[in-house]
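Analysis of the macromolecular model
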Amino acid sequence: MLDVHRLRVFRSVVASGSVQAAAANLGYTPSAVSQHLTALQRETGLTLLARAGRGLRPTAAGHALAAEADRVLARVGAAESLIADLRTGRTGALSIAYFASVGAAWMPQVVQAILTELPGVRLDLQLREHIPDSREERADVQVVVAGADFDPGSGFTAHHLLDDPYVAVVPAGHRLDGTLETDLADLADERWVDNDFARGWCRAALIEACTAAGFSPAFRVEAHDYRTALAFVAAGIGLTVLPALGAAQLPEGVTCVRLLRPTPTRSIHVVVHDAVEHTPAVRMAVAALQDAARAARAPVSPASAGSPPG
């Protein structure tokens, strides 16, 4: 069995480029570092390092082991943090991944709710548009946009939170300025500003709805996020269509218009790691997200600058 401490010493040598530098960084003697390296190479039966001038460089096997050691040491570090939390009476750690518009609209109140009830929990918040392929890289809780029947993967459970309708945002003085709602097909000949660089579920839902309405939107400007797209709209360059949550905070000089026949809609879910679903922090996070989703479904005032339809 590999010695984790020797892996740490080995990674320090790879990062530092020499035994002497690693010894200085670790607070060891060069002799102690050399002994750890010798023992590790004996345990693995591999030549991990080769001479390079006055220093050392990893061999092909050394590069491969160093990459794997990073993952192992990260997991060990997470376990050590958990042990430290438990020893000091904290309630542990919780990782939550979310996409950008939910981050702005929901996460402040979700975090506030968690820390009010569980002030000792340590939160790791991750901005993430997609679910990672690797189980080890996935968060305890992740808010995602996906189809109604998507499979979150073995060991994970998905809970539906909200169907988020799209709205059109138009500049002041536009022919739809002050209009409460319009058919999606009525936007066919408009100048569109794109707002989704990810080309994921959110964009797919919009394109599918436009296709159903008999047209393909003509994007004159491609922006990589909602805020930038809204700035272009405010400048009078065109209109943009985005989910209502993304229009929660609008700049001056723009107006929201509800879309009908059809209404593009994205489905928002929370995906929970089954191994931690019973913990107080996860239960609190899911409950806070459900509260935020219910609030987002509440009726709102008619469309106006800075007040998106719900």
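Above this text you will find the structure in question.
Only a predicted model underlies this, so the values are computations on that prediction, with no experimental measurement involved.

**Considerations on helix 1 (residues 4–16)**
- Over its 13 residues, helix 1 extends 18 Å from the first C-alpha to the last, a length consistent with the 18 Å expected when each residue adds 1.5 Å.
- Within helix 1 the residues assigned to the buried category are Leu 7, Val 9, Phe 10, Arg 11, Ser 12 and Val 13.
- Capping the start of helix 1 is the job of one residue whose side-chain oxygen sits 2.8 Å from the backbone nitrogen of His 5: Asp 3.

**Here we look at helix 9 (residues 280–296)**
- Compared with an ideal rise of 1.5 Å per residue, which puts 17 residues at 24 Å, helix 9 spans 24 Å between its outermost C-alpha atoms and is within 8% of the ideal.
- Those residues of helix 9 that sit buried are Ala 281, Val 282, Ala 285, Val 286, Ala 288, Leu 289, Ala 292 and Ala 293. The buried residues of helix 9 occupy an angular sector of 160° when the element is viewed end-on, so they sit on one face.
- On its buried side, helix 9 packs onto strand 3 (93–98), helix 6 (107–117), strand 5 (141–145), strand 6 (156–171) and strand 12 (265–273).

**Focus on the pattern of salt bridges**
- Taken as a whole and assessed by the stated rule, the structure comprises 10 salt bridges.
- Residues Arg 175 and Asp 186 are paired through a salt bridge, measuring 3.1 Å at the closest nitrogen-oxygen approach. Remark: Asp 186 occurs in the loop between strand 7 (181–183) and strand 8 (192–194) and Arg 175 occurs in the loop between strand 6 and strand 7; sequence separation between them is 11 residues.
- Two residues, Glu 190 and Arg 175, come together in a salt bridge whose shortest N-O distance is 2.9 Å. Of this pair, Glu 190 sits in the loop between strand 7 and strand 8 while Arg 175 sits in the loop between strand 6 and strand 7, and the two are 15 residues apart along the sequence.
- Under the relative-accessibility criterion, Arg 175 is labelled partly exposed at 49%.
- A single salt-bridge network, built from bridges that share partners, covers Arg 175, Asp 186 and Glu 190.

**Considerations on empty space enclosed by the protein**
- All chains considered together, the criterion is met by one cavity of 30 Å³ or more.
- Quantified by volume, the largest cavity comes out at close to 50 Å³.
- Every residue lining the largest cavity is listed: Tyr 166, Asp 194, Asn 195, Asp 196, Cys 202, Arg 203, Leu 206, Tyr 226, Val 241 and Leu 242.
- Those elements giving two or more residues to the lining of the largest cavity turn out to be helix 7 (201–212) and strand 10 (240–243).
- When residues of the lining of the largest cavity are assigned to their parent elements, the largest contribution, three residues, is made by helix 7.
- Looking at side-chain class alone, the lining of the largest cavity contains six nonpolar, one polar and three charged residues.

Procedures and definitions
- Residues numbered from 1 in each chain as written.
- Predicted model: local features only at pLDDT ≥ 70, side-chain atom pairs only at ≥ 80, totals over all residues.
- Heavy atoms only, no water.
- Helix = DSSP H or I, 4+ residues; strand = E, 2+ residues; numbered from the N terminus.
- Expected span 1.5 Å × (residues − 1).
- Buried < 20%, exposed > 50% of the residue type's maximum accessible area, 1.4 Å probe, protein only.
- Polar contact = N/O pair within 3.5 Å; in protein donor to acceptor, adjacent residues only side chain to side chain.
- Arc of directions from axis to C-beta.
- Contact = heavy atoms within 4.5 Å.
- Salt bridge = Lys/Arg side-chain N within 4 Å of Asp/Glu carboxyl O.
- 1 Å grid on protein atoms, 1.4 Å probe; cavity = no way out; pocket = protein on both sides within 12 Å on 5 of 7 lines; lining within 4 Å.
- Points joined across faces, edges and corners; volume = space filled by probe spheres on them.
- Nonpolar A, V, L, I, M, F, W, Y, C, P; charged D, E, K, R; others polar.

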